[in-house]
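# Report on the structure
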Amino acid sequence: MKITKEEVMHVANLARLDMDEASIDKFARQIGTILEYVEVLNRVDTQGVTPTSHAISLTNVFREDREKKALERDKALANAPQKEDGNFVVPKIII
């Protein structure tokens, strides 16, 4: 499939790109080559091939959720660099 320079200029305009004539020619050739390859892929017989979202099958590796006793406040604060009234002290962030 051939893509015209006008189509490249139209897409560049939509993307607010300022392209010179050499870049337009280059992109038209490159996009044309990509679209020709997509046409080749469209001709491949995929009858009976199951659609996939990943090239390999994925398995969830997370463990089951289990209810546990909460960590005691004193143990949680034991290694805190700064603490005050049973809470962590962190730097103030103002934007």
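Look a little higher up for the structure.
The following refers to the structure shown. (Residues numbered from 1 in each chain as written. Predicted model: local features only at pLDDT ≥ 70, side-chain atom pairs only at ≥ 80, totals over all residues. Heavy atoms only, no water.)

## Section: the overall build of the chain
Operational definition: The helix count covers DSSP runs of H or I at least four residues long, the strand count covers runs of E at least two residues long, and both are numbered beginning at the N terminus. This radius of gyration counts C-alpha atoms alone. The globule rule is 2.2 Å times how many residues there are, raised to the power 0.38. Only protein chains enter the accessibility calculation, which uses a 1.4 Å probe; a residue is then buried when its area is under 20% of its type maximum, exposed when over 50%, and partly exposed in between. Areas reported as accessible are Shrake-Rupley estimates using a 1.4 Å probe. Residue values count occlusion only from the protein chains shown. His residues and chain termini do not enter the charge count, which takes Lys and Arg as positive and Asp and Glu as negative. To locate a charge, take atom NZ for lysine, CZ for arginine, CG for aspartate or CD for glutamate.
Helix and strand content of the chain: 3 helices and 2 strands. For the chain, the N- to C-terminal ordering of α and β elements is α-α-α-β-β. Taking 95 residues into account, the globule formula puts the C-alpha radius of gyration at 12 Å, and the chain, at 29 Å, lies well above it. Residue burial in the chain is summarised as follows: out of 95 residues, 8% are buried. For the chain, the exposed area adds up to about 9700 Å²; of that, 55% sits on carbon and sulfur atoms. Taking the average location of the 14 positive side-chain charges in the chain and that of its 16 negative ones, the two points are 9 Å from each other.

## Looking at helix H2 (residues 21–42)
The following threshold applies: A helix is expected to span 1.5 Å multiplied by its residue count minus one. In this description, contact between two residues means that some pair of their heavy atoms is separated by no more than 4.5 Å.
End to end, H2 covers 31 Å across 22 residues, agreeing with the expected 32 Å (1.5 Å per residue, within 8%). On the buried face of H2, the contacting elements are helix H1 (5–14).

## Considerations on the packing of H1 against H2
Threshold: Convention adopted: a line fitted to C-alpha atoms gives each axis, helices being fitted over their contacting stretch, and angles between N-to-C directions are expressed from 0 to 180 degrees. Small angles under 35 degrees read as roughly parallel and large ones over 145 as roughly antiparallel, with 65 to 115 read as roughly perpendicular and the rest as oblique. Under the convention adopted here, Pro, Cys and the residues Ala, Val, Leu, Ile, Met, Phe, Trp and Tyr are nonpolar, Asp, Glu, Lys and Arg are charged, and Gly plus all remaining residues are polar.
At a minimum axis distance of 9 Å, the contact between H1 and H2 shows a crossing angle of 110 degrees. By the angle between their directions, the pair H1 and H2 is classed as roughly perpendicular. Residues Lys-5, Val-8 and Met-9 of H1 form the contact with H2, whose participating residues are Glu-21, Ile-24, Asp-25, Phe-27 and Ala-28. Grouping the constituent residues of the contact of H1 with H2 by class yields 5 nonpolar, no polar and 3 charged.

## A short note on the pattern of salt bridges
What counts is decided by this rule: Salt bridges are counted wherever a side-chain nitrogen of Lys or Arg sits within 4 Å of a carboxyl oxygen of Asp or Glu.
Applying the stated criterion to the full structure yields 2 salt bridges. Across the salt bridge formed by Glu-21 and Lys-5, the nearest N and O atoms sit 2.8 Å from each other. One end of the pair, Glu-21, is in helix H2; the other, Lys-5, is in helix H1, and 16 residues separate them in sequence. Residue classification places Glu-21 among the partly exposed residues on the basis of a relative accessible area of 42%. Residue Asp-25 pairs with Lys-5 through a salt bridge whose shortest N-O separation is 3.3 Å. Residue Asp-25 is found in helix H2, and its partner Lys-5 is found in helix H1; the two are separated by 20 residues along the sequence. Where salt bridges share partners, they join Lys-5, Glu-21 and Asp-25 into one cluster.

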